[in-house]
2 protein chains.
Amino acid sequence: MTASAVKSRKEFGKTLAVDITHRLRQDIVACRLKPGEPLKFDALKLAFGASFTTLREALTSLTADGLVVAEEQRGFRVAPVTSDDLIDITETRTLIEIELLSRSIANGGDDWEIAVMSTLHRLGRIEERLPGNHVENPEWQIAHRQFHEALVSCGRSPTLLGIRASLFERAERYRNLSAMFRPQPRDKVGEHRAIMQAAIARDTALATSLIDRHIRSTSDNVVKYASHLLTES
Amino acid sequence: MTASAVKSRKEFGKTLAVDITHRLRQDIVACRLKPGEPLKFDALKLAFGASFTTLREALTSLTADGLVVAEEQRGFRVAPVTSDDLIDITETRTLIEIELLSRSIANGGDDWEIAVMSTLHRLGRIEERLPGNHVENPEWQIAHRQFHEALVSCGRSPTLLGIRASLFERAERYRNLSAMFRPQPRDKVGEHRAIMQAAIARDTALATSLIDRHIRSTSDNVVKYASHLLTES
DNA sequence: GCAGAAGCTATTTTCGAAAATATGTCCTAT
DNA sequence: ATAGGACATATTTTCGAAAATAGCTTCTGC
């Protein structure tokens, strides 16, 4: 267990349990906690400086997110990574992302266009500064997430947006897994720009088809470079 | 607070926390715990016979399901019912239910057809026995849920099926709310049979259009008979 | 009369000990 | 040798007390 060391308390939320949930989530998504790894309370206590109860609450939250699995009376483990799970996430994401992007294109106004363009711009600037493998760079990850969030931000469905956010995180874990072994990052700049342009142009058919391919090709890349890490099938 | 009295321990799961999660969920879906009602630990302790910690874990789980809302440092409340939320759930359900039904029609074999027909048959028998308002009857509720589950059971996506199950529960709470005030139950028998027939006939377009209307009309009925209970807008 | 502080009460949140359960080891009988 | 049982250890799960926080009431100064 090489979890994040004890940082400043209550970085993310008002309560310790919420804070630890976020930190555990980050550690799992970043694969600092390895897929399938048992999450034992003694070790977590040491790493996060919280009691059984608080940790238990955090793990229960993450179980709902699909990042942790619980076996009753036998504790918690980091959710394993499998090709079936990756396929499942990818298919579900395309369905939901396409729906939300369509709605955003229909509903978005000036502010939406500005948000999409500016988040993409920021992402581009970060990529210029770091020509290497930026997927491991947290700054890039945040900007990347914010661009995709901006695209769907006018979907007007809290439920669907919540599901989308959760799936994005589960997928991000697989991306991080593959990034460890990918020699050079594939060029997403062009893909992102094309999606932005189609969205701003209100070309729903093109934009959704591009986002569909974007999600699928990301998933294919994971299979290509990290298949040896995926258990099952 | 008129929650379910302390029943036999560990009815649903191996651990007490999981058990209490299920019981609390049932109480919320059945509206025995009213929407918006504060869930105070002293009262819950009395009603469920568990400690702070265990209750906290259960409430955290239900927060992820959208049946409970948490305000940090200010405790938990039963999720309020609002027209916006009902619309959101309904729209999201149609999207996901249509997708899963299409996939089931494409993938389902003999076993699937048998499951769909037999669950509908059971539902019909229960409705015959109880010509009144059967929505309040737990036996009917289980059979109704099992019929709809059977329809989508070959959707082959654990993630999507999990989301569907969660949304079904959230919608069920609204149905129960409206059932309290609806004078006579509308006749769902015909609707259910038509959906079953279209599904078995592998008429995807018809089946999905029927399920879409089925979900929307259920939602409309809630608005019709329980609008005075919905806060916001 | 009222704003704001200070203290008191109600409630949530966190903790570490104790109970319950699972897992591993060693012994015995066949 | 091996299956099965009994003990010992490791780990999770649950509990109630203690700490932290929010909300309410009262008091004071203007």
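Rules used in this analysis
Residues numbered from 1 in each chain as written. Chains lettered and ligands numbered in written order. Predicted model: local features only at pLDDT ≥ 70, side-chain atom pairs only at ≥ 80, totals over all residues. Least-squares fit on C-alpha atoms with pLDDT ≥ 70 in both. Contact = placed C-beta atoms within 7 Å. Helix = DSSP H or I, 4+ residues; strand = E, 2+ residues; numbered from the N terminus. Expected span 1.5 Å × (residues − 1). Buried ≥ 20, exposed ≤ 12 C-beta atoms within 10 Å, placed from the backbone. Near = placed C-beta within 6 Å. Nonpolar A, V, L, I, M, F, W, Y, C, P; charged D, E, K, R; others polar. Pairing = 2+ DSSP bridges. Axes fitted to C-alpha atoms, helices over the stretch in contact; angles between N-to-C directions. Core = buried A, V, L, I, M, F, W, Y, C linked by C-beta atoms within 7 Å. Parallel < 35°, antiparallel > 145°, perpendicular 65-115°, else oblique. Left-handed = near helix turned anticlockwise from the far one by under 90°.

Visitor: Tell me about the relation of the copies chain B and chain A, residues and numbers included.
Guide: The operation relating chain B to chain A is a screw motion whose rotation component is 180°, with 0.0 Å of axial translation and a residual RMSD of 0.0 Å. In the structure described here, the two chain copies are related by an operation that fits a two-fold rotation axis. No C-alpha of chain B lies nearer the rotation axis than that of Glu-57 of chain B, which sits 2.7 Å from it. Looking at the interface residues of chain B, 100% of them are also at the interface in chain A, so both copies use one shared face.

Visitor: Before we move on, could you go through helix 1 (residues 16-29) of chain B and cite the residues and values that matter?
Guide: All names here are of chain B. Look at helix 1: 20 Å from first C-alpha to last across 14 residues, which is about the 20 Å you get at 1.5 Å a residue. What helix 1 keeps buried is the set Ala-17, Asp-19, Ile-20, Thr-21, Arg-23, Leu-24, Arg-25, Ile-28 and Val-29. Residues of helix 1 that are buried sit in contact with helix 2 (41-48), helix 3 (52-65), strand 3 (76-78) and helix 7 (158-179). The positive-phi residue at the C-terminal boundary of helix 1 is Cys-31, with phi of around 65°.

Visitor: Describe the protein's contact with DNA strand C, and please don't skip the residues or the numbers.
Guide: As a structural note, the neighbourhood of DNA strand C is formed by 19 residues, with Thr-15, Leu-16 and Thr-53 of chain A together with Phe-41 and Gly-75 of chain B the closest of them. Elements with a contribution of two residues or more to the surface near DNA strand C: helix 1 (16-29) and helix 3 (52-65) of chain A together with helix 2 and helix 3 of chain B. Residue composition of the surface near DNA strand C, by class: six nonpolar, eight polar and five charged.

Visitor: Help me get a handle on the interface of chain B and chain A, residues and values and all.
Guide: As a measure of interface size, the accessible area lost when the parts come together is often cited. Every contact between the two is made by 23 residues of chain B and, on the other side, 23 residues of chain A. Of all the elements in the fold, those that place two or more residues in the side of chain B that touches chain A are helix 3, helix 4 (83-107) and helix 7 of chain B. Partitioned by chemical class, the residues of the side of chain B that touches chain A number seven nonpolar, nine polar and seven charged.

Visitor: Just give me the short version of the sheet that holds strand 3 of chain B, but keep the residues and values in it.
Guide: Residues and elements named next belong to chain B. Within the open sheet, the three strands sit side by side as 1-3-2. Their pairing is antiparallel. On the outer flanks of this sheet lie strand 1 (38-39) and strand 2 (68-70), each paired with one strand and no other. Two elements, strand 1 and strand 3, share two bridges in a ladder whose sense is antiparallel. Bridge pairing in strand 3 links Leu-39 to Phe-76. On top of the sheet, helix 3 reaches strand 1, strand 2 and strand 3; it is set at about 105° to strand 2, its chief contact.

Visitor: Quick one: what's the story with the protein's contact with DNA strand D, residue by residue and with numbers?
Guide: With respect to spatial proximity, 19 residues lie near DNA strand D, and among them Phe-41 and Gly-75 of chain A together with Thr-15, Leu-16 and Ser-51 of chain B are the closest. Within the residue set of the surface near DNA strand D, elements represented by two or more residues are helix 2 (41-48) and helix 3 of chain A together with helix 1 and helix 3 of chain B.

Visitor: Hey, could you go over the nonpolar core for me, with residue numbers and the actual values?
Guide: One finds Ala-199 of chain A together with Ala-199 of chain B to be the most contacted residues of the largest nonpolar core, which totals 68 residues. Residues within four places of Ala-199 of chain B in sequence aside, it is in contact with Leu-101, Ile-105, Val-116, Leu-151 and Ala-207 of chain B.

Visitor: Describe the packing of helix 5 (residues 110-129) of chain B against helix 6 (residues 138-152) of chain B, listing the residues and the values that go with them.
Guide: Each packed pair of helices is defined by two parameters, the angle between the axes and the distance between the axes. Residue and element names in this part refer to chain B. Two elements in contact, helix 5 and helix 6, have axes separated by 8 Å at closest approach and are oriented at 160°. Taken together, the axes of helix 5 and helix 6 lie roughly antiparallel to each other. In the packing of helix 5 onto helix 6, the handedness of the crossing is left-handed. Contact residues: Ala-115, Val-116, Thr-119, Leu-120, Arg-122, Leu-123 and Ile-126 in helix 5; Glu-139, Trp-140, Ala-143, His-144, Gln-146, Phe-147, Ala-150 and Leu-151 in helix 6. Tallied by class, the residues present in the contact of helix 5 with helix 6 amount to 10 nonpolar, three polar and two charged.

Visitor: Got a sec to walk through the sheet that holds strand 3 (residues 76-78) of chain A? Specific residues and values, please.
Guide: Residue and element names in this part refer to chain A. Read across the open sheet, the three strands follow the order 1-3-2; overall the sheet is antiparallel. What marks the edges here is a single partner per strand, and that holds for strand 1 (38-39) and strand 2 (68-70). As judged from the three bridges shared by strand 2 and strand 3, these two strands associate in the antiparallel manner. Considered in strand 3, the bridge of Ala-70 is made with Phe-76.

Visitor: Could you give me a rundown of unusual backbone geometry, with the residues and numbers involved?
Guide: For Gln-73 of chain A, which is not glycine, the phi torsion reads 70° and is therefore positive. Inspection of the secondary structure puts Gln-73 of chain A in the loop between strand 2 and strand 3. The exposure class assigned to Gln-73 of chain A is exposed, which follows from the 8 C-beta atoms found within 10 Å. Positive phi, close to 60°, is recorded for Arg-156 of chain B, a residue that is not glycine. As for its position among the elements, Arg-156 of chain B is in the loop between helix 6 and helix 7.

Visitor: For the environment of Ile-211 of chain B, give the residues involved together with the corresponding values.
Guide: Within the secondary structure layout, Ile-211 of chain B lies in helix 9 (residues 204-226). Considering only alpha carbons, one finds Ile-211 of chain B and Arg-125 of chain B, 86 residues apart in sequence, at a separation of 21 Å.

Visitor: Account for the packing of helix 4 of chain B against helix 7 of chain B, naming residues and giving values.
Guide: All names here are of chain B. Where helix 4 contacts helix 7, the axes come no closer than 10 Å and their chain directions differ by 140°. By the angle between their directions, the pair helix 4 and helix 7 is classed as oblique. The way helix 4 lies across helix 7 gives a crossing that is left-handed. Contacts between helix 4 and helix 7 involve Leu-86, Ile-89, Thr-92, Arg-93, Ile-96, Glu-97, Glu-99 and Leu-100 from the former and Leu-160, Leu-161, Ile-163, Arg-164, Leu-167, Arg-170, Ala-171 and Tyr-174 from the latter. Broken down by class, the residue content of the contact of helix 4 with helix 7 amounts to 10 nonpolar, one polar and five charged.

Visitor: With reference to specific residues and values, describe the environment of Ser-209 of chain A.
Guide: Residues and elements named next belong to chain A. Considering the arrangement of structural elements, one finds Ser-209 in helix 9 (residues 204-226). A residue is classified by how many C-beta atoms lie within 10 Å of it, and Ser-209, with 14 of them, is partly exposed. Here the alpha-carbon distance between Ser-209 and Asp-85, two residues 124 residues apart in the chain, equals 23 Å.

Visitor: I'd love a proper account of the environment of Thr-204 of chain B, names of residues and values included.
Guide: Residue and element names in this part refer to chain B. Assignment of secondary structure puts Thr-204 in helix 9. When the 17 C-beta atoms within 10 Å are taken as the criterion, Thr-204 is described as partly exposed. Filtering out sequence-adjacent residues up to four positions away, Thr-204 remains in contact with Ser-102 and Ile-105.

Read these as layout, nothing more, since geometry by itself doesn't imply function.
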